Amino acid sequence: MFISIEGIEGCGKSTLVNGLSEHLQNKKIGHVITKEPGSTSIGKILRKILLDKKQQISPLTELLLMFSDRLDHLEKVIKPSLKEGKIVITDRYIDSTYAYQGAGRGISKDIINNLVTQTEILLPDKTILLDLDPEIGLKRASSRNELDRFESENLEFHKRLRKSFLKAAEINPKRFLVINADDEPKKILQSVINKLSTYDERLKESY
Ligand code: TYD
């Protein structure tokens, strides 16, 4: 099973990913936790450029760098792990591109759709969207570290991201699980595990 976790800045993806990883470890289910951008040696270089506030990057260049990272990630991490029968959980994937480069930077959906089709990238079986008001998310993000090139964008930018994620969920109801991220991390984890276990019995909580 290939799972992506999506959402705006400060929505709690990392906490959820850690919780899911612990749960899968306890259940001794083979899995790989990964993220975009930056999960391969090429990806790490691209990530450094992409997050660097000092870099001036055009929207199309940004899009193609994200896609380069994704193709390398798919080739070297995602596909081999799925082939080994592991559950792959990625912190961000294609819906972040529609949100950030599409709604955020203004690149047309057709261009991104074309890239998706031409590169034949794998789509996740399930996408968990942690939905949160950007005002709350940005406050959380700015309280923990120095803001990167994306986090430094204004509130309007982040509002467009949230809208884009919700729209994607509306268009793909079978793939998406939308979770209210303005809740206790423990409750969010529980709810995600419960929902995912209807697709993979092995994930079921044992009480
Ligand atoms: P990261 O530090 O991993 O942030 P987060 O914890 O919010 O995931 O930085 C990744 C950044 O890259 C994040 O701001 C979103 C952005 N991004 C895109 O703009 N497009 C993409 O396709 C992906 C995968 C990420």
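Details of the structure are given in the entry above.
In this report, we go over the structure that sits alongside the text. Values in this document were obtained by computation on a predicted structure and should not be read as measured data.

When its secondary structure is counted, the protein shows 8 helices and 5 strands. If you list the helices and strands of the protein from N to C, you get β-α-β-α-α-β-α-α-β-α-α-β-α. Here the protein has a C-alpha radius of gyration of 16 Å; the compact-globule value for 207 residues is 17 Å, and the two agree. For the C-alpha atoms alone, the extent of the protein along its principal axes is close to 50 × 35 × 30 Å. Going through the 207 residues of the protein one by one, you find that 49% of them count as buried. The contacts of the protein with a sequence gap of at least 6 include a subset with a gap of at least 24, amounting to 77%. Distance from the positive charge centre (34 side chains) to the negative charge centre (30 side chains) of the protein: 1 Å.

For residues besides glycine, phi is generally negative; the peptide bonds are generally trans as well. Of note, the amide linkage connecting Glu36 to Pro37 takes the cis form, showing an omega dihedral of -10°. Residue position: Pro37 is located in the loop between strand 2 (31-35) and helix 2 (41-51). A positive phi angle, close to 55°, is found at Lys28, a residue other than glycine. Following the sequence through the fold, Lys28 ends up in the loop between helix 1 (13-26) and strand 2.

Okay, the pattern of salt bridges next. Throughout the structure, instances matching the rule amount to 15 salt bridges. Of the charged contacts, one joins Lys76 and Asp72 as a salt bridge, the two residues approaching to 2.8 Å between their closest N and O atoms. Taken together, the residues span about one helical turn, with Lys76 and Asp72 both in helix 3 (residues 59-83) at a distance of 4 residues. On the basis of relative accessible area, Asp72 is assigned to the buried category, the value being 12%. Linking Lys167 and Glu170 is a salt bridge whose minimum nitrogen-to-oxygen distance equals 3.9 Å. Pair noted here: Lys167 and Glu170 are both in helix 7 (residues 155-171), with a separation of 3 residues, about one helical turn. By relative accessible area, which is 58% here, Glu170 ends up exposed. Each of the salt bridges in this network shares a partner with another, and the network as a whole consists of Glu62, Arg105, Arg149 and Glu153.

Before going further, it helps to spend a moment on the pairing of strand 3 (residues 87-91). For strand 3, the tally of buried residues reaches 5 of 5 residues, placing the bulk of the element in the interior. Side-chain alternation along strand 3 places Ile87, Ile89 and Asp91 on one buried face and Val88 and Thr90 on a second face that is also buried. One ladder, built from 5 bridges, connects strand 2 with strand 3; its direction is parallel. Within the sheet, the bridge partner assigned to Ile33 lies in strand 3 and is Ile89.

We now examine the nonpolar core. In terms of nonpolar packing, the biggest core is built from 38 residues, with Ile5, Leu16, Leu20, Ile128, Leu130, Val192 and Leu196 touching the most fellow members. In contact with Ile5, not counting residues within four places along its chain, are Lys13, Leu16, Val17, Leu20, Ile89, Thr90, Asp91, Arg92 and Ile128.

This paragraph deals with the site of the ligand. The ligand sits among 15 residues. The nearest are Glu9, Lys13, Arg92, Thr97 and Gln101. The separation between an oxygen atom of the ligand and a polar side-chain atom of Arg70 is 3.1 Å. A distance of 2.7 Å is found between an oxygen atom of the ligand and a side-chain nitrogen or oxygen belonging to Arg92. For the ligand, the accessible surface in isolation is 540 Å², of which the surrounding protein chains cover 94%. Mapped by element, the contributors of at least two residues to the shell around the ligand are helix 2, helix 3 and helix 4 (94-104). Among the elements that take part in the shell around the ligand, helix 4 stands out by supplying 4 residues, more than any other.

What counts and how
Residues numbered from 1 in each chain as written. Predicted model: local features only at pLDDT ≥ 70, side-chain atom pairs only at ≥ 80, totals over all residues. Heavy atoms only, no water. Helix = DSSP H or I, 4+ residues; strand = E, 2+ residues; numbered from the N terminus. Rg over C-alpha atoms; globule rule 2.2 N^0.38 Å. Buried < 20%, exposed > 50% of the residue type's maximum accessible area, 1.4 Å probe, protein only. Contact = heavy atoms within 4.5 Å. Lys, Arg positive; Asp, Glu negative; His and termini not counted. Charge placed at Lys NZ, Arg CZ, Asp CG, Glu CD. Salt bridge = Lys/Arg side-chain N within 4 Å of Asp/Glu carboxyl O. Pairing = 2+ DSSP bridges. Core = buried A, V, L, I, M, F, W, Y, C linked by side-chain atoms within 4.5 Å. Near = heavy atom within 4 Å. Polar contact = N/O pair within 3.5 Å; in protein donor to acceptor, adjacent residues only side chain to side chain. Areas by Shrake-Rupley, 256 points an atom, 1.4 Å probe, with all protein chains shown as cover.

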